[in-house]
Amino acid sequence: MRYLPKSDAERREMLAVCGLGSLEDLYAHLPAETKLDRPLALPPGKSEYEILDYFKARAAENAAGYASFLGAGVYAHYRPVLCDVVASRGEFLTSYTPYQAEIAQGTLTTIFEFQTMVCQLTGMEVANASMYDGSTAVPEAALMAMRITGRERVLVARSVHPEYREVLATSARNGRWEVATFGYDAASGRLNMADLESKLNRETACVIVQSPNFFGVVEQLKDAAALAHQVGALLVMVFTEAVSLGLLEPPREADIVAGELQSFAITPSYGGPFAGIIATREKYIRQIPGRLVGLTKDAAGNRAFCLTLSTREQHIRREKATSNICTNQALIALMATVFMSVYGKAGLRELAEQNLAKAHYLAGGVERRFDAPFFNEFVVPCRGRSPEAVNAVLLEKKIIGGLPLGRFYPELANCLLLCATEMSKRADMDLVREALQA
Amino acid sequence: MIRKSRSHITQNESLLFELSSPGKLGYQLPALDVPAVDPAATLGADNVRAGIEGFPEVSEVETLRHFSRLSTWNYGIDLGLFPLGSCTMKYNPRINEVVARIDDLAWAHPYQPESLSQGAMEIFAALECSLCEIFGMDAVTLQPAAGAHGEYTGIMLIRAWLAAQGDPRQVVLVPDSAHGTNPATAVIAGYEVRNIRSNEQGMVDLTALESSLDDTVAALMVTNPNTLGVFDENIAKVCALMHSKGAQVYMDGANMNALVGLSRPGDFGIDVLHSNLHKTFSTPHGGGGPGAGAVGVRSHLEPFLPHPRVRKDPQGAWTWDYDRPRSIGRVKAFYGNFGVIVRALAYILAHGSAGLRNATLDALLNANYIRKLLEPHYQIAYPAPSMHECVFSDARQAARGVRTGDIAKRLIDYGFHPYTVSFPLIVHGAMMIEPTETEPKQELDLFCDALISIAHEIETDPQVVLHAPHLTRTSRVDEVAAARKPVVRWKPA
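Quick summary incoming for the structure in this document.

So, how was this worked out
- Residues numbered from 1 in each chain as written.
- Chains lettered and ligands numbered in written order.
- Predicted model: local features only at pLDDT ≥ 70, side-chain atom pairs only at ≥ 80, totals over all residues.
- Heavy atoms only, no water.
- Helix = DSSP H or I, 4+ residues; strand = E, 2+ residues; numbered from the N terminus.
- Buried < 20%, exposed > 50% of the residue type's maximum accessible area, 1.4 Å probe, protein only.
- Contact = heavy atoms within 4.5 Å.
- Areas by Shrake-Rupley, 256 points an atom, 1.4 Å probe, with all protein chains shown as cover.
- Lys, Arg positive; Asp, Glu negative; His and termini not counted.
- Charge placed at Lys NZ, Arg CZ, Asp CG, Glu CD.
- Pairing = 2+ DSSP bridges.
- 1 Å grid on protein atoms, 1.4 Å probe; cavity = no way out; pocket = protein on both sides within 12 Å on 5 of 7 lines; lining within 4 Å.
- Points joined across faces, edges and corners; volume = space filled by probe spheres on them.
- Nonpolar A, V, L, I, M, F, W, Y, C, P; charged D, E, K, R; others polar.
- Buried area = accessible area lost by both parts, 1.4 Å probe.
- Salt bridge = Lys/Arg side-chain N within 4 Å of Asp/Glu carboxyl O.
- Polar contact = N/O pair within 3.5 Å; in protein donor to acceptor, adjacent residues only side chain to side chain.
- Core = buried A, V, L, I, M, F, W, Y, C linked by side-chain atoms within 4.5 Å.
- Expected span 1.5 Å × (residues − 1).

1. A short note on the overall build of chain A
Then, number 1: From N to C terminus, chain A includes 13 helices and 14 strands.
Then, number 2: Along the first, second and third principal axes, the C-alpha set of chain A runs to 80 × 55 × 50 Å.
Then, number 3: Taken across its 438 residues, chain A has 66% of its residues classed as buried.
Then, number 4: Here the contacts in chain A between residues at least 6 apart in sequence split such that 71% fall between residues at least 24 apart.
Then, number 5: Element-wise, carbon and sulfur atoms account for 51% of the exposed surface of chain A, whose accessible area totals about 13,800 Å².
Then, number 6: A gap of 2 Å separates the mean positions of the 46 positive and 49 negative side-chain charges of chain A.

2. Considering the overall build of chain B
Then, number 1: Looking only at helices and strands, one finds 16 helices and 13 strands in chain B.
Then, number 2: In terms of overall dimensions, chain B has a C-alpha envelope of 75 × 70 × 45 Å along the principal axes.
Then, number 3: Within chain B, the fraction of its 493 residues that count as buried is 67%.
Then, number 4: If you take every contact in chain B between residues at least 6 apart in sequence, the share linking residues at least 24 apart comes to 71%.
Then, number 5: Counting only carbon and sulfur atoms, one obtains 51% of the accessible surface of chain B, whose full area is about 15,900 Å².

3. Description of the pairing of strand β10 (residues 303-307) of chain A
Residue and element names in this part refer to chain A.
Then, number 1: For β10, the tally of buried residues reaches four of five residues, placing the bulk of the element in the interior.
Then, number 2: Bridge count for strand β9 (residues 293-297) against β10 is five bridges, and the pairing is antiparallel. The residue of β10 that forms the bridge with Gly294 is Cys306.
Then, number 3: Turn length for the β9-β10 hairpin, with the two strands adjacent in sequence and antiparallel, is five residues, and the turn residue Gly301 shows positive phi of about 90°.

4. Observations concerning empty space enclosed by the protein
Then, number 1: Under the criterion given, the structure shown has eight cavities of 30 Å³ or more.
Then, number 2: Approximately 170 Å³ is the volume attributed to the largest cavity.
Then, number 3: In terms of lining, the largest cavity is formed by 16 residues, of which the most central are A:Thr136, A:Glu140, A:Ser171, B:His149 and B:Tyr152.
Then, number 4: Going through the elements one at a time, α6 (134-149) and α7 (162-175) of chain A together with α7 (147-164) of chain B are the ones with two or more residues in the lining of the largest cavity.
Then, number 5: Per element, the largest residue contribution to the lining of the largest cavity is four residues, and it comes from α6(A).
Then, number 6: Per-class residue counts for the lining of the largest cavity are nine nonpolar, five polar and two charged.
Then, number 7: A volume near 70 Å³ is recorded for the second largest cavity.
Then, number 8: Lining the second largest cavity we find A:Phe92, A:Thr107, A:Thr110, A:Ile111, A:Phe114, A:Ala330, A:Leu331, A:Ala333, A:Leu334, A:Thr337, B:Gly286 and B:Gly287.
Then, number 9: Those elements that place two or more of their residues in the lining of the second largest cavity are α5 (105-122) and α11 (330-362) of chain A.

5. Things to note about the interface of chain B and chain A
Then, number 1: Chain B puts 204 residues into the contact, and the matching count from chain A is 192 residues.
Then, number 2: The contact between chain B and chain A buries some 16,700 Å² in all, and 63% of this surface belongs to carbon and sulfur atoms.
Then, number 3: Looking only at chain B, the three residues that lose the most surface to chain A are B:Arg49, B:Tyr111 and B:Val488, adding up to 5% of its buried area.
Then, number 4: Note that B:Arg101 and A:Asp84 form a salt bridge whose closest N and O atoms lie 3.0 Å from each other.
Then, number 5: Put simply, chain B and chain A have 85 residue pairs in polar contact (both at pLDDT 80 or more) between them.
Then, number 6: If one sorts the elements of the side of chain B that touches chain A by residue count, helix α11 (residues 338-374) of chain B sits on top with 27 residues.
Then, number 7: Here the residues of the side of chain B that touches chain A are counted per class, giving 115 nonpolar, 55 polar and 34 charged.

6. Quick word on the pattern of salt bridges
Then, number 1: Taken as a whole and assessed by the stated rule, the structure comprises 45 salt bridges over all chains.
Then, number 2: A salt bridge links A:Arg153 to A:Glu178; the shortest N-O distance between them is 3.2 Å. Here A:Glu178 lies in strand β4 (residues 178-182) and A:Arg153 lies in strand β3 (residues 153-157), a separation of 25 residues in the sequence.
Then, number 3: One salt bridge in this structure joins B:Asp321 and B:Arg311, with 3.2 Å as the shortest N-O distance. Of this pair, B:Asp321 sits in strand β9 (residues 318-321) while B:Arg311 sits in strand β8 (residues 309-312), and the two are ten residues apart along the sequence.
Then, number 4: Look at the salt bridges and you will find they share partners, linking A:Arg79, A:Asp84, B:Glu97, B:Arg101 and B:Arg343 into a network.

7. Re unusual backbone geometry
Note on backbone geometry: most residues besides glycine have negative phi, and most peptide bonds are trans.
Then, number 1: Here the bond from B:Asn224 into B:Pro225 is cis, since omega is -10°, no more than 30 degrees from zero.
Then, number 2: Looking along the chain, the bond that leaves B:His307 and enters B:Pro308 is cis, with omega of 0°.
Then, number 3: In this structure, B:Pro308 sits in the loop between β7 (293-297) and β8.
Then, number 4: Even without a glycine there, the phi angle at A:Ser269 is positive, about 45°.
Then, number 5: Examined against the element boundaries, A:Ser269 turns out to sit in the loop between β7 (256-260) and β8 (276-280).

8. Let's talk about the nonpolar core
Then, number 1: Counting residues in hydrophobic clusters, the biggest one holds 277 residues, and the most contacted among them are A:Phe55, A:Ile208, B:Leu131, B:Ile134 and B:Leu451.
Then, number 2: Considering every element that reaches this core, the biggest residue donor is α11(B), with 19 residues.
Then, number 3: Not counting residues within four places of it along the chain, the set of residues in contact with A:Ile208 comprises A:Val138, A:Ala142, A:Val154, A:Leu155, A:Val156, A:Ala157, A:Val160, A:Leu168, A:Phe182, A:Val236 and A:Val238.
Then, number 4: B:Val174, B:Val193, B:Ile328 and B:Val331 belong to the second largest nonpolar core, which has 29 residues in total.

9. Observations concerning the layout of surface pockets
Then, number 1: There is about 840 Å³ of room inside the second largest pocket.
Then, number 2: Lining the second largest pocket are 34 residues, and of these A:Ala67, A:Ser68, A:Ala76, A:Met423 and B:Trp107 sit closest to its centre.
Then, number 3: Of all the elements in the fold, those that place two or more residues in the lining of the second largest pocket are β1 (67-68) and α11 of chain A together with α5 (103-106) of chain B.
Then, number 4: Counting residues per element, the lining of the second largest pocket draws most heavily on α11(A), at three residues.

10. Considering α7(B)
Residue and element names in this part refer to chain B.
Then, number 1: Its 18 residues give α7 an end-to-end C-alpha distance of 26 Å, which sits within 8% of 26 Å, the value for a rise of 1.5 Å per residue.
Then, number 2: Judged by how many residues are buried, α7 sits mostly within the fold: 16 of 18 residues are covered.
Then, number 3: Just beyond α7, the residue with positive phi is Gly166, at close to 115°.

11. Section: α7(A)
For an α-helix the count is 3.6 residues per turn, leaving residues at separations of three or four pointing the same way.
Residues and elements named next belong to chain A.
Then, number 1: In this model α7 runs 20 Å from its N-terminal to its C-terminal C-alpha over 14 residues, within 8% of the 20 Å that 1.5 Å per residue would give.
Then, number 2: The complete set of buried residues in α7 reads Pro162, Glu163, Tyr164, Arg165, Val167, Leu168, Thr170, Ser171, Ala172 and Asn174.
Then, number 3: Trailing α7 by a residue or two, Arg176 shows a phi angle of about 60°, which is positive.

Okay, structure coming up:
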């Protein structure tokens, strides 16, 4: 087998050194009832060519050749080629978590740069080395807020990504803490402040909001923060579309930011792997979950980096850890770091402006469900037809339309959530507008 | 004598922020094919930020050089043996990277219609099915994002199953040899942790287990082979004992690389296990992730698995089943780390049935070969037979004032990544070595030569070991200073 780098002669030689007669002797000590007495019922091994063929055939069963206007937490943005060039270098791809700092300065330095750029983007002072994804970052942020405030009740806006809220609910059920929701304003799509105010009290650990929210609407974080802070609760701001931070005012009023960086060079990949982040204020640094890279010096006095504050983490603290998280998303975070470096200050701005322009072109002449400003996604009511029927018309033109919202919001069962990015083509957008107006 | 390495020039490199100067560009966007809009007018002036303060402005060439230079400061499997115990740092086949980047797999959107996702769903089903066979389990979920996330899912499944019978119970038992994630997971899933000591062979102490086992105990979290690389010969008895008290057995599959094709957890009584696809199934560690934590269960736990589940509809097409009233709910948005799942399936397809078993045998052979060559020089922690990894202690070297961490740093000078240092906690001064099956004999010989040479250095010149590494561009890093006053982002001087 091509991944096993030994000849049979070498195997015999090594067995002889071990004083064993055959490879089977290596596990002869296992009790009989624990041994598998037959070969695994799997097909024989395949060549590279056959494997490539298998996956190309599966790819052909997917949406080959379709344009798409889906967003809803996963966005199709162009990936500069350097992102894969860098992430394919074996020194990054095949290294481990950088516990041995002397031979992991490459990874450590890139994570330090990542943490810095996440702070610059979000207006926060501390960011961790990444979380699994945005959805799992949300319960981690809630747990962090509960540790900080000593309270066990969380309020989450219904306009936060529905699947993120489901993950939050799973965590709460098992950790035996409480999650309550508050609504959105039916006209603007923004937070319903009166509903928030009526549900906030001195037992609330945090208020979780998303901006742009699941409907693409830009929230007014200042008002939400003021209400939360009045009762001593924290404001957790969630984002799913990182490109929006190239243009939108960063959430300076938030205490914790939990987000998803998929937009930064990560392919949609049918839902993962992505990279989440948690960023916060300096004063909460000891409550942040996951890995952190810090600045230090080596014995010769040179600048060096290492994992730090690991006394928060499971491998040291065991049952007293801030989180059980072990893996971060270093390689994905590296791609995002390269992406941020390629686009830089001017590029991220221009990229965000293009997204704004494309989405507003797509929305041109189309009725929108909500009237508040939006970034690159918006909700459209379908008059006289079901959202599925509109999508069916588009599918015939090799276009995947929007996400029908009924599965998440029964009251929006006649609505589609549509997204345009810098990759959306005018001709395709014209077809979508036509279908929506028909 | 150092045979594997000698020093060479590496480039110095500044941080991106220090390379930055106003007006430099590394990108070009196509001209807009739609009218531009005014951000302030569209979004409200209050909502629009000024430029991102401090964000880098670097050219394309500098970006490539920057990351290329940084990469040369790293060690990876591509450069040689990476013998971290319980981490299974094996070769990452490059065909896996190629197939994961095929356009209509990589660009598949999780909400695209099921009729246009059949290939992706088939891949989920194929990997679930292969892992069921390898684990000896009845069902597998691929939703968890990583190993610890899989542990969390597993414990939640146990809680849900017990709760359905009226009492979720309060306590999870964790052997003292366990990974730190195990107790951390149990607490996050709402349980209290009770530690169980190991016996003199490093296995679960049946007497200690029995005396800790009452009707408040929900589960035992066991690792088999355990973190000493020892297969627990009482495992079937342990499982039977737990079941007799209505409790469940959770297995941490971090060491699954020792078992594939030889022994199946489902067959010896395990109720639920997770397996890190980035360990046993060869997907790259990438400097710390992404991973994926497949979780296998026996049939009684299947109704509780996270939703949605992939299944065939009556017409024979794949569909996502959300109608799962007993499910613990979602543990992650969408369906799982698909890109990692593609790579793991490619690995299983490449090996096939016989190849997977042969890989396990070679992993066992490599660990036992290392053990045999090093045993005259280092103290083996427990006499029980080794599976895929072997654990020594620094007892002999400590007598000369040299500890496991020092030996590890000296190994770097010899051209190797260190083994796992000071873990498992039950071995004082642990040196935990897992070579995996993808190491040639020549590399193993060089590694053993290096550790034997270091043992001699400790006898003759311990200082050279105590101050290692000497040949790296970065000498010993001051971790204490980093934690004292943490600086975790760059600020202009």
